[in-house]
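# Structural overview
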Amino acid sequence: MMTWRGGSLPISLMPLPGEALQSWIGAYARRLHATNSAFLDAIGLAGARMTQMAVRLTAAEADALHRATGVPQQALRAMTLEPYDGLAVTIHPDRRRLMRPPAWRFSAARTRYCPACLAENTGRGPVFWRLPWAFACLTHRALLLDFCPNCHRAPHPWTARRLGPRVAGVCTRDSLAGPQDRPGRRPCGADLSQAPALKLPEAGLVLPAQQRILSLLAGDAYARPTALAELKQLYALAWRVLRGLHTLADQAPDVVRAALIECGGVLPHLTDKDVGHDAHNAALGTTLAHVALHPGHRDHDALFDWILEADQSLQQTPRANIGKRAGRWSWSGPALVERTLARLDSQATLHARLRYASASPRPRWPTLQADTIIQRAAFIPSMLWPGWTMRLLPRLKDRAKLRVGAFRRGCSSFLLLPGGPPELNFERVGPLLDNGQIHTDRDSVERRLYCDTDLTPLASTLAQLAYALDANGAPIDYARRRATFTYASVSLDHSGYKRLCAQHGWRSGQGHRAALLQWYLLMLLTGEIHPPPSGANTRFAFNCTEFRFRAPPALRAFLRQQAEDNLARHSIDEPLTWEPPNSWVTGATWPGITPTSLAPGAVRDLLSTVTSVHEAGNALGGSAEHIRLYCDLADISTTTPSNAIGNLSNQLTPETVEVRQGILAPEELRDLYENQRLELTHIAQLASCNPDTVRALLAHDEVPLRPRPDRLSPRPDITRAWLHREYVEKRRTMAELARERRVSHYHLTTLARGWDLPIRSTERRYNAIGHLDLPCTPSPAMQAVTASPTALDRLRTIVQIPGHTSLAAAARAIYDGRDSALRQRITKVEKAAGFCIIDRSTRPLAPTPRGHDFLREAAEVLRLADQTRPKCQ
Ligand SMILES: [Zn+2]
Ligand SMILES: [Zn+2]
């Protein structure tokens, strides 16, 4: 019965909030006692198809509907499926029909429904019901229904057809009761508002999941990419949950059972290859996916682990292949891939843990190209940096297990695995670092040094360092250094080294030492411990190891400067050494020692007390290698002597070294030799070193050596009588006389030997009166007393003592009352003379008989000294 036949609409019916276009037009048509098509004809849309309009409105359709009903076009479009295109449904780009949606298989024309909603709204309902993600009514807290309770088909409740039921909210599908091919067939007509629906608990799991879905679907345009990403993750989890319920239900965590009970307690219906797609399955799958995806629930992680197990149970992939297992999640984007990698980390090989960075706080699917890895290799020394080796090297006491060089090479090679392509495996990255002993390296890392240690910190640290190097770069190009510096090309300033040895009293050593220094230079430059050069003796490698612990700081500093010079010579503007900072790695507890936890001063103090590197290692709770690495890193070393690297140990006192450094410094040496015309031997004596050293240093500084003394012609001012008087009688030094006559010390000594004059064994004794023109040779006692710079002052004091009533009185009179200081001064003179000079028992004080002669000689010396005073000042 049709009572309205077109023209302007006699009534106005506004859409409900969120209502589907079909629902509204059907309701409109019914109110007008017309069919959908009659309604569309009447508003000028003859031939328009309701199913297409529900998907997307053309401009003409939107315009016609707007003009007829007054509803804004934007509101009309919101009632179609168009806003959900690409998010919850997929609309064919050319034709207005639905294709398979991004998630779930949900046939195009289906509409779920809530019986209570249909009852309240006279059969009308929201567009939301047409989406595969709709499974619960938040208003009535009930599970949506998919099918008519009578004919068990999707009911199409909104279609107003000529033959359709006059009332709203009933099933409009053809009745299956009668013959279907006959005209006049009747619709099913079941009252959908009375269909039994499952109530959901208010504080349950299903309703929050549906709420989350609704907020994702209702987001703004700019929120769509993140919403779609989450929907994909939810679906990827949901279908694995549904499959898992059929394979591993007995191992499921409690939350699975809770969700199952909420959804009616029945297992989801599945086909062989796929999961079911009704509201019950969507509810159960999405609810558990929501728990697994969002932290907060007690079983959040346990559920995810169970889902991974369920997924694995469906696969043929070997359990250890975490790459394949995680790759199965790639459809849903990187988030679940990374989470899967993290959860499977403990089951993976070291190789895979590094490649996928699964042990690090941020696992990643490997996407880097080979050229990125080659670039990274340039930033990495062939052997892991000393500081990072210290952190990662377990504190093993068993020396037999230590193959630290191979361990460090292995770690460097492992640094090239994170993120790299599969063809760049461990075997192929070694050569990028010039590391050839792949199997030894790997064996040292995995089976020797870490055989009892958890590999997680190592895998995590190396992966983080690798990615941080890619992101931040490094100031050193080790690839260039590996190509530039070899035993053949590295250069060492040998004369500079000899000078250093002379200054410190070291023997400079022979070829073995030179090779050792070159080896250390190479280590500084390339960050790598090189094998001994060809022809090195059997002790070489051992000495290299010792050198790292024992090389004195001054030698280390010299070699560091040499290394800098080598860089400059090749125009390489880089710091000599560099290490990635601590802050590049988070969340790892290292089995070794963190260098920044040690105070260099404290370690230096420790090293000055230990005799072996192992003792130092024990004291710090690490291995010997930890100590050597720290020495490399902090440029410190032990100060205890050892013969292991030759006689390099410093036997001189710090004061002597200082004196020697002053005397042998280039300008000072040149001044002493050229301007002050000191002899080689004299300079050598002042510096406590060998004359050959001085000669070598002068040659190095290009100071022309004076002719040898034996080439000098005889001189009238150098006679035997003169030398006898000055050297033997007045006891002046040979050096002083040679300087005075401008000949060499050697020359004068040779002359003295030739003239049979006795050569004193040492010239080091001071002579306070050598410059005086004494009438005769000083007595032995006077010679002994005057072998001190303060001798004249002492003599001046002691000659004044006789005549005073006591030493105390003498002190008051001549020594500012400093009684004990005066006594000490007198005792010193007497001790040097070898006998008592002042007789303390007499009053007033008087000299002893031998003291009497001594004081008389002293008075004469003082008289001459006062005469020549201006000269000696
Ligand atoms: Zn409802
Ligand atoms: Zn039905």
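Below or above, wherever it landed, is the structure these notes cover. A quick note: this is a predicted structure, and the numbers were derived from the prediction, not measured.

## Concerning helix 38 (residues 807–814)
Buried residues of helix 38: Leu807, Ala809, Ala810 and Ala811, and no others. Those residues of helix 38 that are buried are in contact with helix 39 (819–833). With its phi angle positive at about 55°, Asp816 sits one or two positions after the end of helix 38.

## Let's talk about the coordination of the zinc ion (ligand 1)
Cys114 (SG), Cys117 (SG), Cys137 (SG) and His140 (ND1) make up the full set of protein donors to the zinc ion (ligand 1), lying at 2.0 to 2.3 Å. Along the chain, the residues that donate to the zinc ion (ligand 1) are spaced as C-x2-C-x19-C-x2-H. With Cys117 in helix 6 (residues 115–120) and Cys137 in strand 3 (residues 136–137), this residue pair connects regions lying 20 residues apart in the sequence. Accessibility expressed as a relative area gives 5% for Cys137, which makes it buried.

## Brief notes about the side chain of Glu338
Tracing the chain through its elements places Glu338 in helix 13 (residues 334–344). Not counting residues up to four positions away in its chain, the partners in contact with Glu338 are Pro363 and Arg364.

## Things to note about the packing of helix 10 (residues 279–293) against helix 11 (residues 300–313)
Where helix 10 contacts helix 11, the axes come no closer than 7 Å and their chain directions differ by 120°. Where helix 10 crosses over helix 11, the two elements pack in a sense that is left-handed. Only His300, Leu303, Phe304 and Ile307 of helix 11 make contact with helix 10, whose side of the interface consists of Leu288, Val291, Ala292 and Leu293. When its residues are assigned to classes, the contact of helix 10 with helix 11 shows seven nonpolar, one polar and no charged.

## A word on the coordination of the zinc ion (ligand 2)
The zinc ion (ligand 2) binds to the protein through Cys148 (SG), Cys151 (SG), Cys171 (SG) and Cys188 (SG), with metal-donor distances spanning 2.2 to 2.3 Å. One can describe the site at the zinc ion (ligand 2) as tetrahedral: its four donor atoms subtend angles covering 105 to 118° at the metal. Spacing between the donor residues of the zinc ion (ligand 2) along the chain follows C-x2-C-x19-C-x16-C. Taken together, the residues span a long stretch of sequence, with Cys151 in the loop between strand 4 (142–143) and helix 7 (206–217) and Cys171 in the loop between strand 4 and helix 7 at a distance of 20 residues. Of the residues examined, Cys171 reaches a relative accessible area of 0% and is grouped as buried.

## Describing unusual backbone geometry
Here Arg843 and Pro844 are connected by a cis peptide whose omega angle stands at -10°. Relative to the assigned elements, Pro844 resides in the loop between strand 5 (838–839) and strand 6 (846–847). Even without being a glycine, Ala357 presents a positive backbone phi close to 50°. With respect to the secondary-structure elements, Ala357 resides in the loop between helix 14 (350–355) and helix 15 (370–379). Owing to a relative accessible area of 0%, Ala357 belongs among the buried residues under this scheme. Notably, Arg742 is not glycine yet its phi reads approximately 55°, a positive angle. Among the structural elements, Arg742 can be located in the loop between helix 34 (734–741) and helix 35 (745–754).

## So, the state of the cysteines
Within the structure shown, the criterion is met by zero disulfides. Free of any disulfide, Cys544 has its nearest neighbouring cysteine sulfur in Cys631, separated by 15 Å. Overall, Cys544 belongs to the buried group, its relative accessible area being 4%.

## Here's the deal with the packing of aromatic side chains
Inspection of every chain in the model, using the stated rule, returns 16 aromatic pairs. Between Tyr235 and Trp331 the ring centres are 6.0 Å apart and the planes differ by 70°, which places this aromatic pair in the edge-to-face class. Here Tyr235 is found in helix 8 (residues 224–247), whereas its partner Trp331 is found in the loop between helix 12 (322–327) and helix 13, with 96 residues between them in sequence. A residue is classified by how much of its surface remains accessible, and Tyr235, at 7% relative accessible area, is buried. Judged by centre distance (5.5 Å) and plane angle (85°), the rings of Trp388 and Trp590 are edge-to-face. A residue pair is termed long-range when its members are at least 10 positions apart, and Trp388 in helix 16 (residues 386–392) and Trp590 in the loop between helix 25 (553–569) and helix 26 (600–607) qualify at 202 residues. Note on Trp388: relative accessible area 0%, which makes it buried. Clustering of aromatic rings is evident, with ring pairs tying together Trp104, Trp133, Tyr235 and Trp331. In this structure, Arg339 packs its charged tip against the face of Phe304, placed 4.0 Å from the ring centre. The ring of Trp388 carries Arg391 above its face, with NZ or CZ at 4.0 Å from the centroid.

## A short note on the environment of Glu120
Mapped onto the secondary structure, Glu120 falls in helix 6. Distance from Glu120 to Ser193, taken between C-alpha atoms, is 8.7 Å for residues 73 residues apart in sequence. Side chain to side chain, Glu120 and His140 meet in a polar contact 2.9 Å long.

## Concerning the environment of Ala59
Within the secondary structure, Ala59 is located in helix 4 (residues 59–69). Expressed as a C-alpha distance, the spacing of Ala59 and Lys498, which sit 439 residues apart in the sequence, is 94 Å.

## As for helix 37 (residues 791–798)
With six of its eight residues buried, helix 37 lies for the most part within the structure. Here the buried face of helix 37 lies against helix 36 (780–785), helix 38, helix 39, strand 5 and helix 40 (849–867).

## So, the pattern of salt bridges
Evaluation of the coordinates by the stated rule reveals 41 salt bridges. A salt bridge links Arg141 to Glu202, with the shortest nitrogen-to-oxygen separation between them at 3.9 Å. Residue Arg141 is found in the loop between strand 3 and strand 4, and its partner Glu202 is found in the loop between strand 4 and helix 7; the two are separated by 61 residues along the sequence. Glu202 sits in the exposed class, given a relative accessible area of 61%. Salt-bridge contacts for Arg328 lead to Asp311; the nearest nitrogen and oxygen are separated by 2.6 Å. Taken together, the residues Arg328 in the loop between helix 12 and helix 13 and Asp311 in helix 11 connect sequence positions 17 residues apart.

Rules of the game
Residues numbered from 1 in each chain as written. Chains lettered and ligands numbered in written order. Predicted model: local features only at pLDDT ≥ 70, side-chain atom pairs only at ≥ 80, totals over all residues. Heavy atoms only, no water. Buried < 20%, exposed > 50% of the residue type's maximum accessible area, 1.4 Å probe, protein only. Helix = DSSP H or I, 4+ residues; strand = E, 2+ residues; numbered from the N terminus. Contact = heavy atoms within 4.5 Å. Donors = N, O, S within 2.8 Å, 3.2 Å for Na, K, Ca; no water. Axes fitted to C-alpha atoms, helices over the stretch in contact; angles between N-to-C directions. Left-handed = near helix turned anticlockwise from the far one by under 90°. Nonpolar A, V, L, I, M, F, W, Y, C, P; charged D, E, K, R; others polar. Tetrahedral: all angles 85-135°; square planar, octahedral: opposite > 155°, others 65-115°. Disulfide = S-S within 2.5 Å. Phe/Tyr/Trp six-rings, centres within 6.5 Å; stacked < 30°, edge-to-face > 60°. Lys NZ or Arg CZ within 6 Å of the ring centre and 35° of its normal. Polar contact = N/O pair within 3.5 Å; in protein donor to acceptor, adjacent residues only side chain to side chain. Salt bridge = Lys/Arg side-chain N within 4 Å of Asp/Glu carboxyl O.

In short, geometric facts, not functional conclusions.
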